[in-house]
Amino acid sequence: MSDTFPRGRTAIAGLATFGVGEMPGFSSMELTAQAATLAVTDAGLTFADVDALYICQPDDFFAGLSFAEYLGLRPAYTDNNRTGGSAFMSHMASAALALEAGYIDCALIAYGSNQRSNGGKLATRITSNTWDAPYAPLFPLTSYAIAAARHMHEYGTAREDLAAVALAARAWANTNPEAFARGPLTLEDCLSSRMISTPISVRDCCLVTDGAAAVVMTRTDRARDLPRPPVPLLGAAAATWWNSIAQAPDVTVTAARESGARAMAMAGVTPRDVQTAQLYDAFTINTILFLEDLGFCPKGEGGRFVSDGTIAPGGSLPVNTNGGGLSCCHPGMYGLFAIIEAARQIRGEAANQLPGIDLALAHGNGGTLSSQATVILGSMATL
Amino acid sequence: MSGPETYWRTALGDGRFLLQRAPDGTAVFPPRVAVPGSGVGTLEWFEACGRGTVYSLSWINRRAPAEPYNVALIDLDEGARLMSRVEGVDAESLKIGMRVEAFIEGKGEEAILLFRPAEGAA
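Remember, it's a predicted structure, so these values are computed and weren't measured experimentally. Sequence order sets the numbering: in each chain, residues are counted from 1 along the sequence as written. To read the labels, note that chains go from A and ligands from 1, taken in the order they are written. Where totals are concerned, whole chains, interfaces and linings use all residues; where local detail is concerned, this predicted model gives features only for residues with pLDDT of at least 70, and gives and counts side-chain atom pairs only at 80 or more.

Novice: It is not clear to me how the overall build of chain A should be interpreted in this structure. Could you clarify?
Specialist: Elements are defined by DSSP. Helices are runs of H or I of four residues or more, strands are runs of E of two residues or more, and each kind is numbered from the N terminus. Scanning chain A from terminus to terminus reveals 12 helices and 11 strands. Put simply, a residue is buried when 20 or more other C-beta atoms lie within 10 Å of its own C-beta and exposed when 12 or fewer do; between those, it is partly exposed, and each C-beta is set from the backbone. Split into buried and exposed, the 383 residues of chain A put 62% on the buried side. Excluding contacts between residues fewer than 6 apart, the proportion of contacts in chain A whose partners are at least 24 apart in sequence is 79%. Here, residue contact means that the backbone-derived C-beta atoms of the two residues sit within 7 Å.

Novice: Can you help me understand the overall build of chain B in this one?
Specialist: Scanning chain B from terminus to terminus reveals 1 helix and 8 strands. Ordered by position in the sequence, the α and β elements of chain B form the string α-β-β-β-β-β-β-β-β. Over its C-alpha atoms, taken along the principal directions, chain B stretches across nearly 50 × 30 × 25 Å. Each of the 122 residues in chain B was classed as buried or not, and the buried ones make up 26%. In chain B, once contacts between residues fewer than 6 apart in sequence are set aside, the share between residues at least 24 apart is 49%.

Novice: When you look at the interface of chain A and chain B in this model, what are you seeing that I'm missing?
Specialist: Reports often express the size of an interface as the amount of accessible area lost when the parts come together. The interface is formed by 18 residues belonging to chain A together with 17 residues belonging to chain B. Among the secondary structure elements, those contributing two or more residues to the side of chain A that touches chain B are helix 4 (141-155) and strand 5 (195-197) of chain A. The element contributing the most residues to the side of chain A that touches chain B is helix 4 of chain A, with 6 residues. Put simply, Ala, Val, Leu, Ile, Met, Phe, Trp, Tyr, Cys and Pro go in the nonpolar bin, Asp, Glu, Lys and Arg in the charged bin, and everything else, Gly too, in the polar bin. Considering only residue class, the side of chain A that touches chain B consists of 12 nonpolar, 4 polar and 2 charged.

Novice: Is there a simple way to explain the pairing of strand 1 (residues 10-21) of chain A in this structure?
Specialist: Side chains on a regular strand alternate between the two faces of the sheet. All names here are of chain A. Within strand 1, 11 of the 12 residues are buried, leaving the element largely enclosed by the surrounding structure. Pairing of strand 1 with strand 7 (residues 210-219) involves 9 bridges; the strand directions are antiparallel. From the neighbouring strand, A16 faces strand 7, where its bridge partner is A214. A pair of strands is treated as paired once DSSP finds two or more bridges between them. Examined bridge by bridge, strand 1 and strand 8 (residues 231-240) share 2 bridges and lie antiparallel to one another. When the bridges of strand 8 are listed, I12 appears paired with V231.

Novice: Looking at this structure, how should I read the UniProt feature "domain: ChsH2 C-terminal OB-fold" (unreviewed entry) in chain B?
Specialist: On the UniProt side, "domain: ChsH2 C-terminal OB-fold" (unreviewed entry) is annotated at positions that read residues 45-102 of chain B here. A helix fraction of 0% and a strand fraction of 50% characterise residues 45-102 of chain B, whose end C-alpha atoms lie 17 Å from each other. UniProt positions are given in the numbering used here, feature names are shortened, and annotations may be inferred rather than shown by experiment.

Novice: Honestly, the sheet that holds strand 1 (residues 18-21) of chain B in this entry has me stumped. Any pointers?
Specialist: Adjacent strands of a sheet pair through backbone hydrogen bonds, lying either parallel or antiparallel. Residues and elements named next belong to chain B. With antiparallel pairing, 3 strands are arranged side by side in an open sheet as 2-1-3. Of all strands in the sheet, those with a lone pairing partner are strand 2 (27-28) and strand 3 (44-47), marking the two edges. Note that strand 1 and strand 2 share 2 bridges and pair antiparallel. By the bridge assignment, Q20 is partnered in strand 2 with V28.

Novice: Looking at this structure, how should I read the UniProt feature "domain: Thiolase C-terminal" (unreviewed entry) in chain A?
Specialist: The sites that carry the UniProt feature "domain: Thiolase C-terminal" (unreviewed entry) are, in the present numbering, residues 238-378 of chain A. Across residues 238-378 of chain A, helical content stands at 33% and strand content at 16%; the span's end C-alpha atoms are separated by 18 Å.

Novice: Explain the sheet that holds strand 2 (residues 52-55) of chain A to me, please; I cannot follow it from the model alone.
Specialist: Residue and element names in this part refer to chain A. The strand order 3-2-4-7-1-8-11-10-9 describes an open sheet built from 9 strands, whose pairing is mixed. Only two strands of the sheet have a single partner each, and these edge strands are strand 3 (77-79) and strand 9 (276-279). Between one strand and the next, the sheet's axes are offset by a mean angle of 20 degrees, whatever the strand orientation. Two strands pair when backbone bridges link them, and strand 4 (residues 107-113) and strand 7 are joined in this way by 7 bridges, in the antiparallel orientation. Each bridged residue has a counterpart across the sheet, and for S113 the counterpart in strand 7 is G211. Axis geometry follows a simple rule: fit a line to the C-alpha atoms, using only the stretch in contact for helices, then measure angles between N-to-C directions, giving values from 0 to 180 degrees.

Novice: Would you take a moment to explain the pairing of strand 1 of chain B for this structure?
Specialist: Residues and elements named next belong to chain B. Judged from the 4 bridges that link them, strand 1 and strand 3 form a sheet pairing that is antiparallel. Counted as the bridge partner of L18 is E47 from strand 3. The turn joining strand 1 and strand 2, which pair antiparallel and follow one another in sequence, is formed by 5 residues; a positive phi near 95 degrees is taken by G25.

Novice: I'm lost on helix 2 (residues 63-71) of chain A in this one. Help?
Specialist: Residue and element names in this part refer to chain A. Among the residues making up helix 2, those that are buried are A63, G64, F67 and L71. Here the buried residues of helix 2 occupy an arc of 95 degrees about the axis, which is enough to place them on one side. On its buried side, helix 2 packs onto helix 1 (28-42), strand 2, strand 3 and strand 4. Positioned one or two residues after helix 2, G72 has a phi angle of 75 degrees, which is positive. Think of it as the arc spanned by the lines of direction from the helix axis to the C-beta atoms.

Novice: For this particular structure, what's the right way to read the nonpolar core?
Specialist: What tends to happen in soluble globular proteins is that the nonpolar side chains get buried as a cluster. All names here are of chain A. In plain words, the nonpolar core is the set of buried Ala, Val, Leu, Ile, Met, Phe, Trp, Tyr and Cys residues that C-beta atoms within 7 Å link up. Counting residues in each nonpolar core, the largest one holds 158 residues, and the members touching the most others are M92, I109, A214, V215, M217, I339 and L377. Considering every element that reaches this core, the biggest residue donor is helix 5 (residues 159-173), with 10 residues. Sequence-distant contacts of V215, that is, excluding residues within four places in its chain, are made with I12, G14, L15, A39, I109, L336, I339 and I340.

Novice: What's the story with the packing of helix 5 of chain A against helix 9 (residues 284-293) of chain A in this structure? I'm lost.
Specialist: How two helices pack is summed up by the angle between their axes together with the distance between the axes. Residue and element names in this part refer to chain A. Viewed as axis vectors pointing N to C, helix 5 and helix 9 meet at an angle of 95 degrees, and their least axial separation amounts to 8 Å. Taken together, the axis directions place helix 5 and helix 9 in an arrangement best described as roughly perpendicular. Of the residues in helix 9, those touching helix 5 at D161, L162, V165 and A166 are T284, I285, T287 and I288. The residue inventory of the contact of helix 5 with helix 9, partitioned by class, reads 5 nonpolar, 2 polar and 1 charged. The cut-offs work like this: below 35 degrees is roughly parallel, past 145 is roughly antiparallel, 65 to 115 is roughly perpendicular, and the gaps in between are oblique.

Novice: Sorry if this is basic, but what is going on with the confidence of the model for chain B here?
Specialist: If pLDDT is low for a region, its predicted coordinates should not be looked at in detail. Note: pLDDT gives the predictor's confidence per residue, expressed from 0 to 100. This prediction gives chain B a mean pLDDT of 96; 98% of its residues lie at or above 70. If you check the scores for this complex, the pTM reads 0.97 and the ipTM reads 0.97.

Novice: Honestly, helix 1 of chain A in this entry has me stumped. Any pointers?
Specialist: Residues lying three or four places apart along an α-helix face the same way, a consequence of the helix completing one turn every 3.6 residues. Residue and element names in this part refer to chain A. Multiply 1.5 Å by the residue count of a helix minus one, and that product is the helix's expected span. Here helix 1 spans 21 Å end to end across 15 residues, near enough to the 21 Å set by a 1.5 Å rise per residue. Among the residues of helix 1, S28, M29, L31, T32, A33, Q34, A35, A36, A39 and V40 are the ones counted as buried. Once helix 1 finishes, G44 follows within two positions and takes phi at roughly 75 degrees, a positive value.

Novice: I would appreciate a short explanation of the packing of helix 3 (residues 87-101) of chain A against helix 12 (residues 335-347) of chain A in the present structure.
Specialist: All names here are of chain A. Viewed as axis vectors pointing N to C, helix 3 and helix 12 meet at an angle of 60 degrees, and their least axial separation amounts to 7 Å. Contact residues: A87, F88, M89 and M92 in helix 3; G335, L336 and I339 in helix 12. Taken together, the residues of the contact of helix 3 with helix 12 break down into 6 nonpolar, 1 polar and no charged.

Novice: How do you make sense of the environment of G52 of chain B when you look at a structure like this?
Specialist: Residue and element names in this part refer to chain B. Structurally, G52 can be placed in strand 4 (residues 51-60). A tally of 26 C-beta atoms within 10 Å means that G52 is categorised as buried. Along the chain, G52 and A80 lie 28 residues apart, while their C-alpha atoms are 9.5 Å from each other. What G52 contacts, discounting residues up to four positions off in sequence, is I74, D75, L76, D77, V100 and F115.

Okay, structure coming up:
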C-alpha cells in the first residue's frame, strides 16, 4: 500500500503551551482552554474561525463536547480519537485530509492536564486488560520494563544506555526555562535511583507535571497570509499493532517502524534528512526503540547510539530539544508537546534553538508501545 | 452458550487450561470469536500442554515488608504468548529463556493461571 497525502498543503498556523510544570488551582479544561486561546491568537485568528476540534483529554471521554461548549464553538467536525499519546499526531493527519478536501477550514488541536496539582496520579482510568490484570503489572510502566528487559537480553543494552537518554534530556532541559526538571543529574544518580519495575528505575520515567498545548492548522495558502511563519505538514502516518504488550510479536519492535517509514515516504525524506527528532519519551527505553524503528540507527544499536552523546546538546541528531517527557513536561500525555517543539524549531523560536532547521520529526506513542504515529514538519523552503 | 472469554474462564475454574487453534494451526490467546488477522474460518478449542519459555519479565518492587513479585511473558510451546507470574523463583533464578510449566491455583472464579520452573529447568 502506498499512501497519498497532501504534502505541505496544510500547515501549523499557530501554537502555544500553557501552564507547563505546576499550575495549582486550575482544572484540566481551564489549562487547555488557555492554551487554545493563545494558539488561536498566535495564528492571528479568533474562535469564530475554528470549525473543527480535535481533542483527547485525560479525564473527560466527551472532551470534544465539553471543550466546544467551554470555548463557545459549534464545530462542524469533532474528533475525540483516543489512541493514547500518539492521538495528536493522528489528529494532525485527519485534520490535514479534511482541510485539503475543503471539508473544514481551521482545525484546533488541544490537550491539557492538571495531573501534577491534582495529586500526581494518572488522571486516566485506563488500566491493564482483563487477561493481564490478575498479574498486577504496573500500568503502563511494567509493559515498558518488559520491552526494556528483552532489549537488554537480545542486544546487550545496558542500564547506562537508558541513563544516557535521561542525561541527554536533562542537558536540554537545563537551558529551557519552560522545562520543569532542571538541575544537575549524573549517571550515578540514574543508576542508584529507586528500582520500580526492573529494569526501569525512577530516573527512567517521565515526569508528572501539569501543562496544556494547542495548535491551529489551516491550508498552507491561508497560513501564508497569517502573522506567524507557517509550518507545513509534509507527512503524517499512524500505525496500531496491539494494545497489551503481551500481544506484541516482538516487544523490541514497535509500529513506529511502519508509521515512520510511511510518514517519511509521504514527505519524500529519509532519516538522514531529519535535522531534529522529538520522540515521545515516556520512559528511557522509548527513545532507544524509536531511534531504531524510525531508522536513525539499526535495530539493537539504539543503546550504543545514545551512549556517545549523539542525541544530547552538541550531538549529531538533537533529540527532544525541550527536555522531553523525561525533563521538560509530561502532563499525562506528551504527544502534542513533541509536535510543538518540532514546530518551534522550524519557526526559529525554540528555547534551545538549533541553527537552520527546515525539517523536523515528531513521534507519538500511545498505550504500551501499542499505537505509534509520526509527523514530518518542514519550513516553507521544503515545499 | 457463552462467549469465548466466559468459556475459557469456566474451563480454568474446572482446572483446564484451554487455547484456541486457527484453521492454519496457529494457537490463539486470548480467546476470540473470530480468527485474528483474517476473520475467516472457525477457532477450535484444545487443551494446552502447559509448557512454555519465559520471553521477558519484570520484578516489581513494593514497599517493605511486602516482597517483590514478577510479571512474565510466557511463550507457550503451541505458539501463543501470554502474561503470567512464575512462582517458586527469585530475581537470581528467573531468567529469560527459562522453561516453565503452567498450573492453576484456586477453583471457580478464583482460579488463576500461573507458572513454575519446569522439572529439570535450570
